[in-house]
Amino acid sequence: MDLLIKNGTIVTATEMYKADIAVDKEKIVNIGCSFNESDFDEVVDASGKLVLPGAIDGHTHLALEFGGTISTDDYYAGTRSAACGGTTTVFDFVNQAEGEKMVDAIKRREAIACNDVAVDYSFHVAVYDISTEELMDSLEESVEYGVPSFKVFMVYDNGVDDGTFFKVLSRAKEIGALVGVHAENKTVNEYLIDKYLKEGKTDAWWHYMAKNERVEGEADTRAVNLAIMADAPLYIAHLADEQGVKAVTEARLKGYPVFAETCPQYLNFTSEVYKRERGRDFVCSPPMKDQASQDAIWEAITNGNITTVATDHCPFLKAEKDWGIVKKDGTPGNFTTIPNGCAGIENMYPYILSEANKGRISFSKAVELCATNPSKLFGLDDQKGAIRVGLDADIVIYDPEKEFTITNDKMHGDTDHTIWEGIELKGYPEATYCRGNLVFKDGEFLGKRGAGKRVKCHKLHFDGPSL
Ligand code: URP
Ligand code: ZN
Ligand code: ZN
């Protein structure tokens, strides 16, 4: 057999126990004790370490054309960085072009990704155009192709109206798909942008003010109501505000299949960051919110009303963030000319595990949020997301004693700064295996460009809020 990981403490979403893991041909083939070491090509001693499933980042934007540029990390840089943070699968967004069938959109991006990815990957399709029956039917083709999750945007220039959102929800329910949403009130956001710019309010703080707690909260609440009307499951992406948490919690209490994702940036930063000298580096959508929202999100994590944590990784260079001061064309910039998004793909699992290590949540909760629940929600639980016999050997060996201060020079992406600079973590991944292949060890990327594969997700059906 290929690999024995012995003497570690295995962490699942429900328990922690000491056992050894046997890996062969990329799968976990046995979990137990007293294996014969001579049966294995390699034996790794994980004494004093935790052994976790690789994280599944359900929300990334690699090589995304956005905000007048392209996000800094391509599929290689982004997945290299992911591997070094213990993430072994990423779900990237495919943006459907006008008139483009969903599978054609997926294949267009797959062609870009397949030779570059260093860990496994799948997609969600951001749906913009369902104006013909053919386009509507192509939603089902996407599900058959192994991509049963869609996203609609309620904001941005190409954000969809409520009717379109409702139609996608209704069809998704019929075909075994899940609809995610970027929820912010588009027209109020536009009105506030116009007002602040007319008042000469141009810095990053006004990005937050134009997308404040209520701007997101109203849209979260409306999204939940539309899902209930359509009798369809809903996934709220990057939930960042208290009102949204309340809407999700109420729906779940009534038994509706409403799920929410939040991101580490909302758990660690508040809107105060926009007052910093380089507040523009923190500009992302939705923006970080006030302390009450952060508290509500942490509470919802603890009580189970937030189902997943993902990164929304979408980095831009400092010089591009500076377009908020002077635009590309040399004219004065403002908060609307800052590309939206931040790096985080390498920080998610280490940050959440560090919070667990500091006692805020359990290690099992961290695994549930970052690996097991995303695998269930997006249709991968028969392949990934847990330490279980028969699943892919996506495994992280985690050293709970290691002290780690995040600095950009220790990260493995192509970005030239990180909003996480100087954040101190307790514990850090020591090694990452993707399907049994070592892709990260002791601070070094050891994977191969193009070694990741696209995983096919199964159809999704949710009767209620539990997975
Ligand atoms: O600021 C962000 N999140 N940029 C990426 C696109 C999105 O809205 O998810
Ligand atoms: Zn979004
Ligand atoms: Zn996003």
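Our subject in this report is the structure included herewith. A quick note: this is a predicted structure, and the numbers were derived from the prediction, not measured.

So, on to the overall build of the protein chain. The secondary structure content of the protein chain amounts to 13 helices and 19 strands. For 467 residues, the compact-globule estimate of 2.2 N^0.38 gives 23 Å, and the C-alpha radius of gyration of the protein chain, at 21 Å, lies within 12% of that figure. Counting only C-alpha atoms, the protein chain reaches 75 × 50 × 40 Å along its principal axes. Buried positions account for 64% of the 467 residues belonging to the protein chain. Taking contacts inside the protein chain between residues at least 6 apart in sequence as the whole, the part at least 24 apart equals 76%. Within the structure as shown, the protein chain displays about 17100 Å² of accessible surface, and the carbon and sulfur contribution to it stands at 48%. Averaging the positions of the 50 positive and the 75 negative side-chain charges in the protein chain gives two centres separated by 1 Å.

This brings us to the site of ligand 1. Around ligand 1 sit 14 residues, and of these H61, Y156, H182, S285 and D312 come closest. Within the contact set of ligand 1, an oxygen atom lies 3.1 Å away from a side-chain nitrogen or oxygen of H61. K151 is positioned such that a nitrogen or oxygen atom in its side chain is 3.4 Å from an oxygen atom of ligand 1.

Glancing now at the environment of E140. Relative to the helices and strands, E140 resides in helix α3 (residues 133-144). Remark: the alpha-carbon pair of E140 and V103, spanning 37 residues in sequence, is separated by 9.3 Å.

Once that is clear, we can look at the pattern of salt bridges. Two side chains of opposite charge can pair, provided their charged atoms sit close to one another. Summed over the entire model, instances satisfying the criterion amount to 35 salt bridges. We note a salt bridge from R222 to E218, for which the minimum N-O separation is 2.8 Å. Placement of both R222 and E218 in helix α7 (residues 213-230) is noted, with a separation of four residues, approximately one turn of the helix. Residue R222 is classed as partly exposed on the basis of its relative accessible area, which comes to 21%. Here the salt bridges do not stand alone but share partners, grouping E26, K27, D120, K384, D392, D394 and R435 into one network.

Let us now look at the packing of helix α2 (residues 102-113) against α3. At a closest axis distance of 7 Å, the pairing of α2 and α3 adopts a crossing angle of 55°. The angle between the axes of α2 and α3 places the two elements in the oblique class. Side by side, α2 and α3 meet where M102, V103 and I106 of the first sit next to L135, S138, L139, E141 and S142 of the second. Of the residues belonging to the contact of α2 with α3, the class tally is five nonpolar, two polar and one charged.

What follows is about unusual backbone geometry. Cis geometry is found at the peptide bond from S285 to P286, where omega equals -5°. For P286, the position within the fold is in the loop between α9 (264-268) and α10 (291-303). With a phi close to 45°, A63 is a non-glycine residue in the positive phi region. Assignment of secondary structure puts A63 in the loop between β6 (55-60) and β7 (65-66). The backbone of R435 shows a phi angle near 45°, a positive value even though the residue is not glycine. Within the secondary structure, R435 is located in the loop between β17 (424-434) and β18 (437-441). For R435, a relative accessible area of 7% gives the class buried.

Here we take up α2. Compared with an ideal rise of 1.5 Å per residue, which puts twelve residues at 16 Å, α2 spans 16 Å between its outermost C-alpha atoms and is within 8% of the ideal. For α2, every residue scored as buried is listed here: M102, V103, A105, I106, R109, E110 and A113. Looking straight down α2, one finds its buried side chains confined to an arc of 155°; they lie on one side. At its buried positions, α2 is contacted by α1 (75-84), β9 (87-95), β10 (120-126) and α3.

Ranked by size, the top nonpolar core spans 116 residues in total, and within it L52, F165, L169, V181, L234, Y274 and Y349 carry the most contacts. The greatest single-element share of this core, amounting to seven residues, is contributed by α7. Filtering out sequence-adjacent residues up to four positions away, L234 remains in contact with F165, L169, L178, V179, V181, A223, V224, A227, P257, V258 and F259. The next biggest cluster of nonpolar side chains, apart from the first, holds 16 residues, and it includes A19, V23, I397 and A431.

This part covers the coordination of the zinc ion (ligand 3). Under perfect tetrahedral coordination by four donors, a metal shows angles of 109.5 degrees; under perfect octahedral coordination by six donors, it shows angles of 90 or 180 degrees. Taken together, H59 (NE2), H61 (NE2) and D312 (OD) make up the protein donors of the zinc ion (ligand 3), found 2.0 to 2.1 Å from the metal. Coordination at the zinc ion (ligand 3) is irregular: its four donor atoms span angles of 86 to 140° at the metal. Sequence spacing of the donors to the zinc ion (ligand 3): H-x1-H-x250-D.

Before going further, it helps to examine the packing of aromatic side chains. Counted according to the given criterion, the structure contains 17 aromatic pairs. For the ring pair Y235 and F378, a centre distance of 5.2 Å and an interplane angle of 80° mean the geometry is edge-to-face. Taken together, the residues Y235 in strand β13 (residues 234-236) and F378 in the loop between α13 (363-377) and β16 (395-405) connect sequence positions 143 residues apart. Accessibility classification places Y235 together with F378 in one group, the buried group. Members of the aromatic cluster, joined through ring pairs, are F66, Y128, F153 and Y156. Geometry around F93 places K151 over its ring, the cationic atom sitting 4.6 Å from the centre.

The protein atoms that coordinate the zinc ion (ligand 2) are K151 (NZ), H182 (ND1) and H238 (NE2), at distances of 2.1 to 2.5 Å. All donors to the zinc ion (ligand 2) come from one chain, and their sequence spacing reads K-x30-H-x55-H.

Conventions we followed
Residues numbered from 1 in each chain as written. Chains lettered and ligands numbered in written order. Predicted model: local features only at pLDDT ≥ 70, side-chain atom pairs only at ≥ 80, totals over all residues. Heavy atoms only, no water. Helix = DSSP H or I, 4+ residues; strand = E, 2+ residues; numbered from the N terminus. Rg over C-alpha atoms; globule rule 2.2 N^0.38 Å. Buried < 20%, exposed > 50% of the residue type's maximum accessible area, 1.4 Å probe, protein only. Contact = heavy atoms within 4.5 Å. Areas by Shrake-Rupley, 256 points an atom, 1.4 Å probe, with all protein chains shown as cover. Lys, Arg positive; Asp, Glu negative; His and termini not counted. Charge placed at Lys NZ, Arg CZ, Asp CG, Glu CD. Near = heavy atom within 4 Å. Polar contact = N/O pair within 3.5 Å; in protein donor to acceptor, adjacent residues only side chain to side chain. Salt bridge = Lys/Arg side-chain N within 4 Å of Asp/Glu carboxyl O. Axes fitted to C-alpha atoms, helices over the stretch in contact; angles between N-to-C directions. Parallel < 35°, antiparallel > 145°, perpendicular 65-115°, else oblique. Nonpolar A, V, L, I, M, F, W, Y, C, P; charged D, E, K, R; others polar. Expected span 1.5 Å × (residues − 1). Arc of directions from axis to C-beta. Core = buried A, V, L, I, M, F, W, Y, C linked by side-chain atoms within 4.5 Å. Donors = N, O, S within 2.8 Å, 3.2 Å for Na, K, Ca; no water. Tetrahedral: all angles 85-135°; square planar, octahedral: opposite > 155°, others 65-115°. Phe/Tyr/Trp six-rings, centres within 6.5 Å; stacked < 30°, edge-to-face > 60°. Lys NZ or Arg CZ within 6 Å of the ring centre and 35° of its normal.

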